[in-house]
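Overview (structure and organization)
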Amino acid sequence: MSSEKRFLNAKEIAEITGLSKEGSYKIIRELNDELSRKGFLTVRGKVINSYFYERFFGKDDVTNANIQR
């Protein structure tokens, strides 16, 4: 198994995006709702990292995907 985390939580999303924790939870809910409508199982309060990067940054590659400040 890869050492890369499969799921991101609100704290991690806040660090990546610069959003508040509350804003991060909103993104998690929206992404998990999308996944549920597609028939996938989801974990409350977390989102699969590949789906987050694909939807938020428009790419599947998580390398250097952090917003530059």
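For the structure itself, consult the block above.
Keep in mind it's a predicted model, so treat the numbers as computed, not measured. (Residues numbered from 1 in each chain as written. Predicted model: local features only at pLDDT ≥ 70, side-chain atom pairs only at ≥ 80, totals over all residues. Heavy atoms only, no water.)

1. Focus on the overall build of the protein
- Per the secondary structure count, the protein includes three helices and two strands.
- Along the protein, from the amino end to the carboxyl end, the secondary structure elements read β-α-α-β-α.
- Per-residue burial for the protein yields a buried fraction of 29% across its 69 residues.
- Put simply, of all contacts in the protein between residues at least 6 apart along the chain, 48% involve residues at least 24 apart. (Helix = DSSP H or I, 4+ residues; strand = E, 2+ residues; numbered from the N terminus. Buried < 20%, exposed > 50% of the residue type's maximum accessible area, 1.4 Å probe, protein only. Contact = heavy atoms within 4.5 Å.)

2. Looking at the packing of helix H1 (residues 10-17) against helix H2 (residues 21-37)
- At a closest axis distance of 8 Å, the pairing of H1 and H2 adopts a crossing angle of 105°. Taken together, the axes of H1 and H2 are roughly perpendicular relative to one another. Contacts between H1 and H2 involve Ala10, Lys11, Ile13 and Ala14 from the first element and Lys21, Ser24, Tyr25 and Ile28 from the second.
- Among the residues making up the contact of H1 with H2, the classes are represented as five nonpolar, one polar and two charged. (Axes fitted to C-alpha atoms, helices over the stretch in contact; angles between N-to-C directions. Parallel < 35°, antiparallel > 145°, perpendicular 65-115°, else oblique. Nonpolar A, V, L, I, M, F, W, Y, C, P; charged D, E, K, R; others polar.)

3. A look at the nonpolar core
- With 12 residues, the main nonpolar core is built from Leu8, Ala10, Ile13, Ile16, Ile27, Ile28, Leu31, Leu35, Val47, Tyr51, Phe52 and Tyr53.
- Of all the secondary structure elements, the ones that give two or more residues to this core are H1, H2 and helix H3 (49-57).
- Sorting elements by how many residues they give to this core places H2 first, with four residues. (Core = buried A, V, L, I, M, F, W, Y, C linked by side-chain atoms within 4.5 Å.)

4. What to know about the packing of aromatic side chains
- Applying the stated rule across the entire model yields five aromatic pairs.
- Ring centres 5.7 Å apart and planes at 20° place the aromatic pair Tyr53 and Phe57 in the stacked group. Residue Tyr53 and its partner Phe57 are located together in helix H3, separated by four residues, close to a single helical turn.
- For Phe57, a relative accessible area of 24% puts it in the partly exposed group.
- Seen from their ring centres, Phe56 and Phe57 are 5.2 Å apart, and the 75° between their planes marks the pair as edge-to-face.
- Aromatic ring contacts, followed pair by pair, group Phe52, Tyr53, Phe56 and Phe57 into a single cluster. (Phe/Tyr/Trp six-rings, centres within 6.5 Å; stacked < 30°, edge-to-face > 60°.)

The values are spatial; any link to function lies outside them.
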